[in-house]
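Below are the chains, spelled out letter by letter.
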Amino acid sequence: MRSLITGITGQDGSYLTELLLEKGYEVHGIVRRSSTLERSRLQSFYGDDNVYEKKLFLHYADLSDTTTIRRIINKIQPTEFYHLAGQSHVGLSFEIPESTCDLTAMGSLRIMEILRDLPSPPKFLHASSREIFGTPTVSPQDESTPINPNSPYGCAKAFATQMTKIYREAHGLFFCNAICYNHESPRRGENFVTRKVTLAAARIKAGLQKSVSLGDLDSARDWGYAKDFVHAMWLMLQQDKADDYVLATGESHTIRELLQVAFSHVGLNWQDHVKIDKRFNRPADAHELLGSPQKAVDKLGWKRSMTFEGLIDLMVDEDQKALSRRS
């Protein structure tokens, strides 16, 4: 089996790489050319002579560079294609809506067109998002919930999600949508609220900072473990028939609860260290976003391996270990 992953250096891409290598895949990843070669999430593979450039290969291209992407795909001829890349920060999408839509919406369509033209198109997974539901009319949401985005990111993902479905139904391609609710890990970027909180708890405990600034503490999310989610993505491409699946925990937790778990884990009272800053409130925030993973559980045999509390404790522990290594 030969896989190609966009967004391979991200949180999901790195966990997916580990999973596929464990299963004996030849793994190829598309990365952006940049002035820095720092890709910490894949660092463990670079020094492994048995893996890097033997089982794991990186190729340089931007999602807007159709010619180079086509050349890479034609050369590799993947059997599975995992499309994880794109501008994925919801709040930031309000500041850069044009580039968000170009990368996330049109970038996905360009890839689908390339795959459609291949003599033997690979199985294709598009990493969709809970943000396509925006302000939902029902809770919890499942695969039949109407799409109603309320952010530029959600709108871009909705376009890519619908196009994936159209290509599956109109062209008979094995194209799937993994409609992912929030999924976190110690590899989450520091600009996302979960990692911002766990890192703050670790740093405050170590005496490296005194407080953390946040927006609406009553904002609630369905938070799962990224490693579980990429396993579900792999399971989706092992099925006989392509379909879309909601990946979620079915549980909702507020940022206030997130703070309670993270700070209590290091013996601190979060109320002594949190400042409210309205600048972190989004122009339009998604509400009542709670996913139903029942279809994935029933048809894929998927189940999560970690509770919300266990996940946040893990993230805090790893942040503390990282701080300890730097000192």
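Residues numbered from 1 in each chain as written. Predicted model: local features only at pLDDT ≥ 70, side-chain atom pairs only at ≥ 80, totals over all residues. Heavy atoms only, no water.

A. View of the environment of Asn191. Here Asn191 is to be found in the loop between β7 (183-184) and α7 (193-205). For the pair Asn191 and Arg32, spaced 159 residues apart in sequence, the C-alpha to C-alpha distance is 20 Å. (Helix = DSSP H or I, 4+ residues; strand = E, 2+ residues; numbered from the N terminus.)

B. Representation of unusual backbone geometry. Each neighbour pair has its own omega, and for Ser139 with Pro140 the value is 0 degrees, a cis peptide bond. On the secondary structure map, Pro140 appears in the loop between β5 (123-129) and α6 (152-171). For Glu53, which is not a glycine, the phi torsion comes out positive at approximately 65 degrees. Mapped onto the secondary structure, Glu53 falls in the loop between α2 (43-46) and β3 (56-60). Given a relative accessible area of 47%, Glu53 falls into the partly exposed group. (Buried < 20%, exposed > 50% of the residue type's maximum accessible area, 1.4 Å probe, protein only.)

C. The environment of Ile255, seen in detail. Mapped onto the secondary structure, Ile255 falls in helix α9 (residues 255-265). Overall, Ile255 belongs to the buried group, its relative accessible area being 11%. In this structure the C-alpha to C-alpha distance between Ile255 and Leu214, which are 41 residues apart in sequence, comes to 9.1 Å. Ignoring any residue separated from it by four or fewer positions in sequence, one finds Ile255 in contact with Val193, Leu214, Asp216, Leu217, Ser219 and Trp223. (Contact = heavy atoms within 4.5 Å.)

D. Broad picture of the pairing of strand β4 (residues 80-83). Because side chains alternate across β4, one face comprises the buried residues Glu80 and Tyr82, and the other comprises Phe81 and His83, equally buried. Where strand β1 (residues 2-6) and β4 come together, 4 bridges link them in parallel fashion. Within the sheet, the bridge partner assigned to Ser3 lies in β4 and is Glu80. The sheet contact formed by β4 and β5 spans 4 bridges and is parallel. Within β5, the residue paired with Tyr82 across the bridge is Leu125. (Pairing = 2+ DSSP bridges.)

E. Quick look at the packing of aromatic side chains. Taken as a whole, this structure holds 7 aromatic pairs when the rule is applied. On the numbers, 5.7 Å between centres and 45 degrees between planes, the contact of Phe81 with Phe124 is tilted. One end of the pair, Phe81, is in strand β4; the other, Phe124, is in strand β5, and 43 residues separate them in sequence. Assessed through its relative accessible area of 0%, Phe124 is described here as buried. Aromatic pair Trp223 and Phe308: ring centres 5.9 Å apart, planes at 20 degrees, arrangement stacked. Taken together, the residues span a long stretch of sequence, with Trp223 in the loop between β9 (220-221) and β10 (224-225) and Phe308 in helix α11 (residues 308-326) at a distance of 85 residues. Residue Phe308 is classed as buried on the basis of its relative accessible area of 2%. Among the aromatic side chains, those forming a connected cluster through ring pairs are Phe81, Phe124, Tyr167 and Phe175. If you follow Arg188 out to its NZ or CZ, it ends over the ring of Phe192, 3.8 Å from the centre. (Phe/Tyr/Trp six-rings, centres within 6.5 Å; stacked < 30°, edge-to-face > 60°. Lys NZ or Arg CZ within 6 Å of the ring centre and 35° of its normal.)

F. Seen up close, the sheet that holds β5. The 7 strands lie next to each other as β3-β2-β1-β4-β5-β6-β11, forming an open sheet whose pairing is parallel. Each having just a single partner strand, β3 and β11 (245-247) make up the two edges of the open sheet. Here the strands of the sheet are splayed against their neighbours by 20 degrees on average, with no regard to which way each runs. Sheet strands touched by helix α1 (residues 11-22): β1, β2 (26-31), β3 and β4. Its angle to β1, the strand with the most contacts, is close to 175 degrees. Its contacts with the sheet place helix α3 (residues 66-76) against β1, β2, β3 and β4, and it is angled at close to 155 degrees to β3. (Axes fitted to C-alpha atoms, helices over the stretch in contact; angles between N-to-C directions.)

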